[in-house]
Amino acid sequence: MTVAVSAGAGREAPAAPRHRSLRSRKKREAALAYLFILPALLIFSVFVFYPFLRNFKLALYENPPYPNLPSHYVGLHQAATVLSSSAFLQSLLSTILFVLMVVPTGLFLGLALAVAAHRKLQGIAIYRVIFSSTVVSSVAVAALVFGTLMNPVVGLLPWLGINPTPSILQNPTWALPAVALMTVWQFLGLSFIIMSAGLQSVPDDLLEAARIDGASAWTRFWRITVPMLSPTLFFGVVVGTIYAFQSFGQIDILIGPSNAAGVHANVLIYYIYESLQIDNNAGQAAVLSIVLFVITLSLTLVQMRYLERRVTYAR
Amino acid sequence: MAEVTFDAVTKRYGDVTAVDRLEMAIPDGELLVLLGPSGCGKTTALRMVAGLEELSEGDITIGNRVVNDVDPKERDVAMVFQSYALYPHLTVAKNVEFPLRQRGMDKAEREKRVLEVARTLGLDDLLDRKPAQLSGGQRQRVALARAIVRDPQVFLMDEPLSNLDATLRVQTRADIVALQHRLGTTTIYVTHDQVEAMTMGNRIAVMDRGVLQQVAPPQDLYDRPANTFVAAFLGSPGMNLLDGELDGTSVRVAGGSIELAEAVPGRDVGASPVTVGVRPEHLRLDAAGTVAATVRLVEMLGAETHVICRLEDGAQLVVRQEAVVERPALGANVRVAVESQSVHVFGADGTRLEGSTR
Amino acid sequence: MHADATALAPTSRHSAATEAASRRDRRHRRIRKVISYLLLSVGAVVILFPIYIAIVNSLLAPSQIAHQPPPFFPTHPMWSTYPTAWNEGHLGLYLRNSAIMTAIIVVGQVVTAILAAYAFAFLSFPFRKTLFIVFLSTLMIPFEVTLITNLDTVTRLGWYNTFQGLTVPFLATGFGTFLLRQSFLQIPKDLSEAATLDGYGHWRFMTRVAVPLARPAVAAVAVFSFLASWNNYLWPLVVTGDNNNVRTVQIGLKLLANTEVQNINVTLAGTIIAIVPLVILLLVFQKQLVRGLTAGAVK
């Protein structure tokens, strides 16, 4: 067990000065890691974290009614005023109504389509492409197409005898449901894709076993598929809710800033936009942004808990 | 080509010592097998040579150069992983060529080397396939090819055969030995399989719980195990180990005594507690035997039969006999004869008492 | 299956009865199949109906648009609406702008996400866990919440009405980083160790092994990011103002609708033109699209 280090003039002598200590190797690795993370972190700092945090400051300052005058500190007074205003409550109510109209309908129809397409038939691939197709339709496209369908002058609605006054999109009763209908259509593709993926994860042998046990298609669906699908349904609810919360373009195109509040279609995100762009009221917009964040945060936290479970499975 | 030495090499993970002051020199061109149960530190030792684990203490040298702080890529070692670690998105040819691309070798030369190595290992027809299209044995050969294509100073192999089926393992075992012999590259081969170790190694290093137990050529290890761990680990079934009391040239055990060919130096006066070891093939059922036992189980393996007996204190004794010899009945009281030339005596701490055999 | 098997064995005593039963079974199955197709087709028609009506109306002469009963087929298609929309709506320019913006964002997001995900998956460094949580936390802050200050920042940087303004705020993605990290973690550790011994540094291991192996995830991130940025409406609306040279097609469509109120046919022609690139995307990248969109839903 002698160690032959001593015999110096060895074959590898020139390599000796190239020693790099482990510590420096670790340092190099950490430096590389920071270098890799830096670009994303920089973007996040400037365009996510800073503006997010600045809301809390802006919310404390009131903007003067005319631009270019200095805003002044009012503390929580502004927040209290905004949050207790009828405009805000109307906006919140519209948002909730909108979500309730879009999400259950969108998910149910998506599930129905997914179940219909979940069998081996010739040409089923074509149906699948069609069912998922609305996922690529942009909000502007969807809004213009549905704007046509709901246009009081274009022949379709008068022909069907649906012609309220004021016309659908100018009508406080119908404007929000009309926008919701369009949003359901646009959401259907995503909903179908999510539900299909969920259905594929329901093991066939479970369904086959139930079939051998004599369960009808109806029983199999409600007793096996739906329970097995519950994580997917849950995911769909979260995604759909966030989707509905972010509906902006359809209101901007179908209804527009001058009308949104009047026809009760002034959902939260649109209210933020109006406060900022039309009223030049950054303070009010900041308060509303914080409300939007709190709502999204609670939704995301619920989702995270679900995600966490999933991630522990994966690793 | 290079000698590899371990000098007081220690590896700790927090409170756990994975490798404890390992001292060993592997001369140039040797195939050394690191053998031991899982968790004994053999793979950690191998990975320290590769540079994939840092040393907590000590030095590792490759060809007279201390490599403790040398980047893995500058150590000039090649490793064959248990999982083969083939790149799934690259063809066999690209996989084998992969290590050469970092060495500033021109394309023509690289292709020539790849082809040569592929021919050596019978992979020439598979060069355009992806790993997923290969059988286990073929993948194993690609992994070998990727190691030898670089012509490194040292090969490191981490249980390279454990994912193969039994027949293929026997064949590949011989192939690797032949290849290593031809290339003459120093090789450290890690396995938990004693048959692999016995058939492949020039020498075997047995490890247990981070501590090197013994380094020796296979037959020496079998004939003169340094301690009870090595004695029990090698051989199938392993050596019978009985507690007893040494007195002169005989050891008293439960149910009789075992005679030694000669006295153990330094232990020839007075009685002392020892562990006595006898391999199953050195025992025989014989009415004139010196140890009384009861037959518990008879295992027939075709060419041979294992008779598993129990002594009166409950200790187990396995007797290996030819299949043609008459089988005893279960529960029969028998006597066991011991070849006194082949008795190993270990002290109370488990280490071999020198001079106890031959 | 059972029915077919018995039908093949007509020599049995009950052959007549079983044959009748099997015929009935086969008829049932055919009826069920027809019902399936019927349901599927109803779904397809409902989904495609709005687009179909849009196409029909895009080809109508202005006088026909308000016609009763409404035309469900363009008997005298007026193709000129399409060149009109293209020219008057500057759609060529807007499509180009959308393409430029989207390309920058997709490439930027993929690159920054690969780099960060690689660091989180393969490198060890102080505060790795904390920083990863920081990345994940961006998922909880909707873009709209940052709108006020981002508009401010972009204006102050002189990026109002520029591609920088359109794209830079989106050049990183928490979701994409998360997705790619998960995918990188699936790569066996042996592969990176083998590459280390073969002399490959991190950069080369990333470009030659990790990224090629994570290609499905990279594609999913790219498609997801394409869809999000191509269809983005709010940010381009507030940040492009009156500059035609950076206005994206989404905002262009809105303007087309506003300026040509009477000419619904032209507006819809523009809309159909704007759909085309995305339909192509859907047909070509359907698999990646589905994977990207369901990445959070199913393992």
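One numbering rule holds for all chains: residues counted from 1, following each sequence as written. A letter from A marks each chain and a number from 1 marks each ligand, given out in the order of writing. Confidence filtering applies because this is a predicted model: local features only for residues at pLDDT of at least 70, side-chain atom pairs given and counted only at 80 or more, and all residues used for totals across whole chains, interfaces and linings. Side-chain numbers come from the whole structure's heavy atoms, not from hydrogens or water.

So what's going on with the nonpolar core? Residues and values would help.
Ranked by size, the top nonpolar core spans 231 residues in total, and within it Phe131(A), Phe6(B) and Phe184(C) carry the most contacts. Here the element with the most residues in this core is helix 5 (residues 91-122) of chain C; it accounts for 17 residues. A contact between two residues is defined here by any heavy atoms of the two lying within 4.5 Å. Those residues within four positions of Phe184(C) in sequence are excluded, and the remaining contacts are Ile114(C), Ala117(C), Tyr118(C), Ala121(C), Phe122(C), Ala210(C), Val211(C) and Ala214(C). Put simply, buried Ala, Val, Leu, Ile, Met, Phe, Trp, Tyr and Cys residues joined by side-chain atoms within 4.5 Å make one nonpolar core. The buried label applies to any residue whose accessible area, calculated with a 1.4 Å probe on protein chains only, is under 20% of its type's maximum; exposed applies above 50%, and partly exposed to all values in between. Helix numbers and strand numbers start at the N terminus; a helix is a DSSP run of H or I with at least 4 residues, a strand a run of E with at least 2.

Which residues make up the packing of aromatic side chains, and what are the values?
Ring pairs (aromatic) are described by centroid distance and by the angle formed between their planes. Ring geometry is summarised as follows: Phe, Tyr and Trp rings, the Trp one being its six-membered ring, pair when their centres sit within 6.5 Å, and such pairs are stacked at plane angles under 30 degrees, edge-to-face over 60 and tilted between the two. Summed over the entire model, instances satisfying the criterion amount to 35 aromatic pairs over all chains. Between the aromatic rings of Trp218(A) and Trp222(A), the centroid separation amounts to 5.9 Å while the plane-to-plane angle is 65 degrees, which identifies the pairing as edge-to-face. In this pair, Trp218(A) and Trp222(A) both sit in helix 9 (residues 217-245), four residues apart, roughly one turn of the helix. Plain terms: the ring middles of Phe229(B) and Phe233(B) are 5.5 Å apart, the flat faces sit at 15 degrees to each other, and that makes the pair stacked. Of this pair, Phe229(B) and Phe233(B) both sit in helix 8 (residues 228-233), four residues apart, roughly one helical turn. These aromatic residues form a ring-pair network of at least three members: Tyr34(A), Phe44(A), Phe120(C), Phe125(C), Phe132(C), Phe135(C) and Phe178(C). A ring is considered to have a charge above it if a Lys NZ or an Arg CZ atom is located within 6 Å of its centre and within 35 degrees of its normal. Here Lys57(A) stacks its cationic end above the ring of Tyr61(A), 5.8 Å away from the centre of that ring. The ring of Tyr222(B) carries the charged tip of Arg279(B) above its face, separated from the ring centre by 3.8 Å.

Provide a residue-level description of the sheet that holds strand 5 (residues 65-66) of chain B, including the pertinent values.
Residues and elements named next belong to chain B. Two strands pair if DSSP finds at least two bridges between them. If you trace the four strands from one edge of the open sheet to the other, you get 2-1-4-5, paired in antiparallel fashion. Because the sheet does not close on itself, it has two edges, and the strands there are strand 2 (16-26) and strand 5. Two strands pair when backbone bridges link them, and strand 4 (residues 57-62) and strand 5 are joined in this way by two bridges, in the antiparallel orientation. Bridge assignment links Thr 61 to a residue of strand 5, and that residue is Val 66. Angles shown run from 0 to 180 degrees and are taken between the N-to-C directions of axes, each axis being a line fitted to C-alpha atoms and, for helices, limited to the stretch in contact. Strands in contact with helix 1 (residues 42-50) are strand 1 (4-13), strand 2 and strand 4; relative to strand 1, the strand with the most contacts, it is inclined by about 115 degrees.

Describe the packing of helix 8 (residues 204-212) of chain A against helix 9 of chain A, and please don't skip the residues or the numbers.
Residues and elements named next belong to chain A. Between helix 8 and helix 9, whose axes approach to 11 Å, the crossing angle comes to 165 degrees. Judged by the inter-axis angle, helix 8 sits roughly antiparallel to helix 9. As helix 8 packs across helix 9, the resulting crossing turns out to be right-handed. Of helix 9, the residues touching helix 8 (which contributes Leu 206, Leu 207, Ala 210 and Arg 211) are Arg 220, Ile 224, Thr 225 and Met 228. In the scheme used here, Gly and all other residues not listed as nonpolar or charged are polar, with Ala, Val, Leu, Ile, Met, Phe, Trp, Tyr, Cys and Pro taken as nonpolar and Asp, Glu, Lys and Arg as charged. Partitioned by chemical class, the residues of the contact of helix 8 with helix 9 number five nonpolar, one polar and two charged. The labels follow the angle: roughly parallel below 35 degrees, roughly antiparallel above 145, roughly perpendicular from 65 to 115, and oblique for the rest. By definition, turning the near helix anticlockwise from the far helix through less than a right angle yields a left-handed crossing, and turning it clockwise yields a right-handed one.

I'd like a rundown of the packing of helix 4 (residues 136-148) of chain B against helix 5 (residues 166-183) of chain B, residues and numbers included.
Residues and elements named next belong to chain B. Running from N to C, helix 4 and helix 5 point in directions that differ by 15 degrees, and their axes come no closer than 12 Å. Relative to helix 5, the element helix 4 lies roughly parallel. Seen from above, helix 4 lies across helix 5 with right-handed handedness. Where helix 4 approaches helix 5, its residues Gly 137, Gln 140, Leu 144 and Ile 148 are matched on the opposing element by Leu 168, Thr 172, Ile 176, Leu 179 and Leu 183. Split by residue class, the contact of helix 4 with helix 5 holds six nonpolar, three polar and no charged.

So what's going on with the domain arrangement of chain C? Which residues, and what values?
Residues and elements named next belong to chain C. Just so you know, the domain bounds were taken from an automatic or database domain assignment. Annotation of chain C at the domain level lists domain 1 (2-58) and domain 2 (82-294). Relative placement of domain 1 and domain 2: their C-alpha centres are 44 Å apart. Contacts between domain 1 and domain 2 engage five residues on the former and six residues on the latter. Summed over both partners, the accessible surface that disappears when two parts come together, traced with a 1.4 Å probe, is what is meant by buried area. Between domain 1 and domain 2, roughly 440 Å² of surface is buried when both sides are summed, and carbon and sulfur atoms account for 77% of that area. Considering only the surface of domain 1 that becomes buried against domain 2, Ala 54, Asn 57 and Ser 58 emerge as the three largest contributors, covering 75% of it. A pair is scored as a salt bridge if a Lys or Arg side-chain nitrogen falls within 4 Å of a carboxyl oxygen belonging to Asp or Glu. Joining domain 1 to domain 2, the criterion identifies zero salt bridges. Per-class residue counts for the side of domain 1 that touches domain 2 are three nonpolar, two polar and no charged.

So what's going on with the sheet that holds strand 3 (residues 31-35) of chain B? Which residues, and what values?
Residues and elements named next belong to chain B. Taken together, the six strands give an open sheet; going across it, the order is 6-7-8-3-9-10, and neighbouring strands pair in mixed fashion. Since the sheet does not close on itself, it has two edges, and those belong to strand 6 (77-80) and strand 10 (211-216), each with one partner. Sheet twist, expressed as the mean angle between neighbouring strand axes with direction ignored, is 20 degrees. Relative to strand 9 (residues 203-208), strand 3 is paired through four bridges, and the arrangement is parallel. Each bridged residue has a counterpart across the sheet, and for Leu 34 the counterpart in strand 9 is Ala 205. Strands strand 6 and strand 7 (154-158) of the sheet are contacted by helix 4, whose axis makes an angle of about 175 degrees with strand 6.

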